[in-house]
Amino acid sequence: PIRAAMAMLHSLPHLRPPPSPPLPCSPSSSPCNIRLLCHAPVSKHSPSHLSHATPPAVLQPHVSLKRRLEAGERLYGAFFVSFSPVLAEILGWAGYDFVVVDTEHGPGDILAALPVLQVLQSTGTPAIVRIADNDPVLVKKTLDLGPAGIMIPLIQSPEDVRKAVSACRYPPRGIRGAAFPIVRASRYGLDPDYLEKYEDETLIMVQVESTQAVEQIQDIASVEGVDCIQIGPLDMSASAGLLKNPGDPKVKALLHKVEDAILSRTNKLPYLSGFAMPTDPPQALRKRGYHMVAGTVDTGLFRDAALADLKQNKQLF
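All figures in this text were calculated on a predicted structure; none of them were measured in a lab.

> Can you walk me through the overall build of the chain in this structure?
Counting its secondary structure elements, the chain contains 13 helices and ten strands. Each of the 317 residues in the chain was classed as buried or not, and the buried ones make up 44%. At a minimum sequence separation of 6, the contacts of the chain that also span at least 24 residues come to 62%. Accessible area of the chain: about 17300 Å², with a carbon and sulfur share of 61%.

And the structure:
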């Protein structure tokens, strides 16, 4: 009787729910491939504002970092070490081109990175995960989360690069273990084209951050499969015995040697990426030709904002 009554009520025209409007994206749009674009709300004085209001956001296709770099864009991003979903969401909505989720120096591991990636995806911001070591197991588990890119530290030689690239690819082109039907990278098996596109869409970044790596930079940059060389200025200064003085001319000479080696190549790859320092601000890196620059880090932003607030207001109390 209850089922019959419900069917009768549902048949009444005035009780039927209105049909849902179609999404502006095509049915094939991936949740990992969207960008939220806000629109101004419709005026409440409009006579039809209740039934025909413009939705607060529409979904637009999102272009991968690799495609943007190929198109000649210069990208500005931030590092993220706190693993706070709130701060990650703020960085995402603020409009950075990318956010590097740092599992090398941040307190979080790969599991802790998952909610951060989910939050950044909700804002349409591409996430790059920096892993803690050039370890195929870490590479595999990180790529299964589906980030836009992966950053692999502690590269010392061309052999290290080949090891990293191989760990990013499935056999026969690499050694990455296959669980693609059940992991987030393939939308848990709901993306039928994942195997055909994952290499084209995943940005592989390797870090050059030692004097040993600088001496082999030409060979490192020539390894097939590397999309971007990330320079680590602080570790570079430590490697040169100048940890307390990253602005020393000797350190700058090392950085410039890497820059010249990358930017003088006839082919487009690899791109050049760096982290700005007080002694080497973002505009200086941009002027020297960097394709990607991370100019800040979440904990530093919060620290500086707290200190500025105290300097301005603490004296009043």
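> Please explain the pairing of strand E5 (residues 127-130) as it appears in this structure.
On any regular strand, side chains alternate: one points to one face of the sheet, the next to the other face. Burial of the side chains of E5 extends over both faces: Ala127 and Val129 are buried on one face and Ile128 and Arg130 on the other. As judged from the four bridges shared by strand E4 (residues 98-102) and E5, these two strands associate in the parallel manner. In the strand pairing of E5, Asp102 is matched with Arg130. You can see the chain leave E4, run along helix H4 (residues 110-122) and come back into E5, and the turn it takes is right-handed. Where E5 and strand E6 (residues 149-155) come together, three bridges link them in parallel fashion. Residue pairing for E6: Val129 is matched across the bridge by Ile150. Handedness of the crossover is the feature at issue here: the chain leaves E5, passes through helix H5 (residues 136-143), returns alongside E6, and the resulting connection is right-handed.

> Which parts of the structure should I look at to understand H4?
Each α-helix turn comprises 3.6 residues. Residues three or four places apart therefore point the same way. Given a rise of 1.5 Å per residue, 13 residues ought to cover 18 Å, and the 19 Å separating the end C-alpha atoms of H4 matches this to within 8%. Those residues of H4 not exposed but buried are Ile110, Ala113, Val116, Leu117, Val119 and Leu120. Mapping the buried residues of H4 onto a view down its axis gives an arc of 165°, with all of them on the same face. Two or three places before Leu111, at the opening of H4, Asp109 has a side-chain oxygen 3.2 Å from that residue's backbone nitrogen. Of the residues trailing H4, Gly124 is marked for its positive phi of about 80°.

> In this structure, what is going on with the packing of aromatic side chains? I would like to understand it.
For any pair of aromatic rings, geometry is given as the distance between the ring centres together with the angle between the planes. In the structure shown here, the tally under the stated rule is six aromatic pairs. Ring geometry for Tyr170 versus Phe180: centroids 5.9 Å apart, planes at 65°, classification edge-to-face. Taken together, the positions of Tyr170 in the loop between helix H6 (158-167) and helix H7 (194-201) and Phe180 in the loop between H6 and H7 put the pair ten residues apart, joining distant regions of the chain. Here Phe180 falls in the partly exposed class, since its relative accessible area comes to 28%. Here the aromatic cluster, defined as three or more aromatic residues joined through ring pairs, consists of Tyr170, Phe180, Tyr194 and Tyr198. Between Arg176 and the ring centre of Tyr198, over which it is positioned, the NZ or CZ distance is 5.6 Å.

> What is the right way to read the pattern of salt bridges from this model?
A side chain of one charge can pair with a side chain of the opposite charge when the charged atoms of the two come close. For the structure on display, the rule yields 18 salt bridges. Here Arg130 makes a salt bridge to Asp102, at a shortest N to O gap of 2.6 Å. Taken together, the residues span a long stretch of sequence, with Arg130 in strand E5 and Asp102 in strand E4 at a distance of 28 residues. Here Asp102 falls in the buried class, since its relative accessible area comes to 2%. In this structure, Glu159 and Arg162 form a salt bridge, with 3.3 Å as the shortest nitrogen-oxygen distance. With Glu159 and Arg162 both in helix H6 and three residues apart, this pair spans about one turn of that helix. Judged by its relative accessible area of 46%, Arg162 is partly exposed.

> Sorry if this is basic, but what is going on with the packing of helix H3 (residues 85-94) against H4 here?
What describes two packed helices is the angle between their axes and the distance between those same axes. Orientation of H3 relative to H4, taken along the N-to-C sense of each, is 30°, at an axis distance of 8 Å. One way to sum up the angle between H3 and H4 is to call them roughly parallel. The crossing of H3 and H4 is right-handed. Here Pro85, Ala88, Glu89, Gly92 and Trp93 of H3 lie close against H4, whose contacting residues are Val116, Val119, Leu120 and Ser122.

> What's the story with the nonpolar core in this structure? I'm lost.
Nonpolar side chains tend to gather and get buried jointly when the protein is soluble and globular. Val101, Val139, Ile152, Val208, Ile229, Met236 and Val258 are the most contacted members of the largest nonpolar core, which totals 53 residues. Of all hydrophobic cores here, the second largest spans 17 residues; its members include Ala148, Cys228, Ala294 and Val297.

> It is not clear to me how the side chain of Ser157 should be interpreted in this structure. Could you clarify?
Mapped onto the secondary structure, Ser157 falls in the loop between E6 and H6. For Ser157, a relative accessible area of 12% corresponds to the buried category.

> Which parts of the structure should I look at to understand the confidence of the model for the chain?
Any segment with low pLDDT has predicted coordinates that should not be analysed in fine detail. With 81% of its residues at a pLDDT of 70 or more, the chain shows a mean pLDDT of 86. This stretch, residues 12-60, has a pLDDT under 50; its non-local contacts, to residues over four places away or in other chains, come to 47 contacts.

> It is not clear to me how unusual backbone geometry should be interpreted in this structure. Could you clarify?
For residues besides glycine, phi is generally negative; the peptide bonds are generally trans as well. Cis peptide bonds are those with omega within 30 degrees of zero, and the linkage from Pro171 to Pro172 qualifies with 10°. The omega angle of the peptide bond from Leu269 to Pro270 is -5°, so this bond is cis rather than trans. Relative to the helices and strands, Pro270 is located in the loop between helix H11 (249-263) and strand E9 (271-275). With a phi angle near 65°, Phe83 is a residue other than glycine that sits in the positive phi range. Positionally, Phe83 belongs in the loop between strand E3 (75-80) and H3. Positive phi, normally seen in glycine, also occurs at Tyr188, with a value near 60°.

How each quantity is defined
Residues numbered from 1 in each chain as written. Predicted model: local features only at pLDDT ≥ 70, side-chain atom pairs only at ≥ 80, totals over all residues. Heavy atoms only, no water. Helix = DSSP H or I, 4+ residues; strand = E, 2+ residues; numbered from the N terminus. Buried < 20%, exposed > 50% of the residue type's maximum accessible area, 1.4 Å probe, protein only. Contact = heavy atoms within 4.5 Å. Areas by Shrake-Rupley, 256 points an atom, 1.4 Å probe, with all protein chains shown as cover. Pairing = 2+ DSSP bridges. Right-handed = clockwise from strand over helix to strand, strands pointing away. Expected span 1.5 Å × (residues − 1). Arc of directions from axis to C-beta. Polar contact = N/O pair within 3.5 Å; in protein donor to acceptor, adjacent residues only side chain to side chain. Phe/Tyr/Trp six-rings, centres within 6.5 Å; stacked < 30°, edge-to-face > 60°. Lys NZ or Arg CZ within 6 Å of the ring centre and 35° of its normal. Salt bridge = Lys/Arg side-chain N within 4 Å of Asp/Glu carboxyl O. Axes fitted to C-alpha atoms, helices over the stretch in contact; angles between N-to-C directions. Parallel < 35°, antiparallel > 145°, perpendicular 65-115°, else oblique. Left-handed = near helix turned anticlockwise from the far one by under 90°. Core = buried A, V, L, I, M, F, W, Y, C linked by side-chain atoms within 4.5 Å. pLDDT = per-residue confidence, 0-100.

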